[in-house]
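One letter stands for each residue in the lines below.
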Amino acid sequence: MKPGIHPEYRPVVFRDRAADFAFLTRSTATSDKTVEWEDGNTYPVIDVEISSASHPFYTGTQRVLDTAGRVERFERRYGRGRSEQ
């Protein structure tokens, strides 16, 4: 790696305001806002809209679509097994 061309890699707090959830990790992301973490140190904070704490896939609240019903409705409308022209 060339020296002096890469961004600084440092601890950053990512905070999901919707789920009231935050986690400390390392990143090159920057922010003017800071937050005092549980260890007493101050870190830059990045506010995100969705994290694993609020995304339906991870929380188990996602809805399952009725694809079988849609296929049956399509077949009723346009027929199944119609010969191609």
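Source: prediction; values computed, not measured.

## Observations concerning the packing of aromatic side chains
- With the rule as written, the count across this model stands at two aromatic pairs.
- On the numbers, 5.8 Å between centres and 20° between planes, the contact of Phe-14 with Phe-23 is stacked.
- Residue class for Phe-14 comes out buried when judged on its relative accessible area of 16%.
- Classification of Phe-23 as partly exposed rests on a relative accessible area of 33%.
- Plain terms: the ring middles of Phe-21 and Phe-23 are 5.9 Å apart, the flat faces sit at 40° to each other, and that makes the pair tilted.
- Every member of this aromatic cluster is reached through a ring pair, and the members are Phe-14, Phe-21 and Phe-23.

## Focus: the sheet that holds strand E3 (residues 34-36)
- One open sheet holds the four strands; their spatial order is E2-E1-E4-E3, and the pairing between them is mixed. If you trace the sheet from one side to the other, it starts and ends with strand E2 (21-27) and E3, each paired once. Direction aside, neighbouring strands of the sheet carry axes that sit 45° apart on average.
- Here three bridges tie E3 to strand E4 (residues 42-48), and the two strands are oriented antiparallel to one another. Looking at E4, one finds that Val-35 is bridged to Tyr-43.

## As for a positive patch on the surface
- On the surface, Arg-70, Arg-73, Arg-76 and Arg-77 cluster together to form a positively charged patch.
- Residue placement: Arg-77 occurs in helix H2 (residues 67-78).
- The class of Arg-77 is exposed, set by a relative accessible area of 59%.

## Digging into the pattern of salt bridges
- Considering all chains together, one arrives at three salt bridges under this definition.
- Salt-bridge contacts for Asp-47 lead to Arg-15; the nearest nitrogen and oxygen are separated by 2.7 Å. One end of the pair, Asp-47, is in strand E4; the other, Arg-15, is in strand E1 (residues 10-16), and 32 residues separate them in sequence.
- Overall, Asp-47 belongs to the partly exposed group, its relative accessible area being 29%.

What counts, and where the lines are drawn
- Residues numbered from 1 in each chain as written.
- Predicted model: local features only at pLDDT ≥ 70, side-chain atom pairs only at ≥ 80, totals over all residues.
- Heavy atoms only, no water.
- Phe/Tyr/Trp six-rings, centres within 6.5 Å; stacked < 30°, edge-to-face > 60°.
- Buried < 20%, exposed > 50% of the residue type's maximum accessible area, 1.4 Å probe, protein only.
- Pairing = 2+ DSSP bridges.
- Helix = DSSP H or I, 4+ residues; strand = E, 2+ residues; numbered from the N terminus.
- Axes fitted to C-alpha atoms, helices over the stretch in contact; angles between N-to-C directions.
- Patch = residues over 30% accessible without salt bridge, like charges linked within 9 Å, V, L, I, M, F, W, Y side chains within 5 Å.
- Areas by Shrake-Rupley, 256 points an atom, 1.4 Å probe, with all protein chains shown as cover.
- Salt bridge = Lys/Arg side-chain N within 4 Å of Asp/Glu carboxyl O.
- Lys, Arg positive; Asp, Glu negative; His and termini not counted.
- Charge placed at Lys NZ, Arg CZ, Asp CG, Glu CD.

On their own, these measurements won't tell you what the molecule is for.
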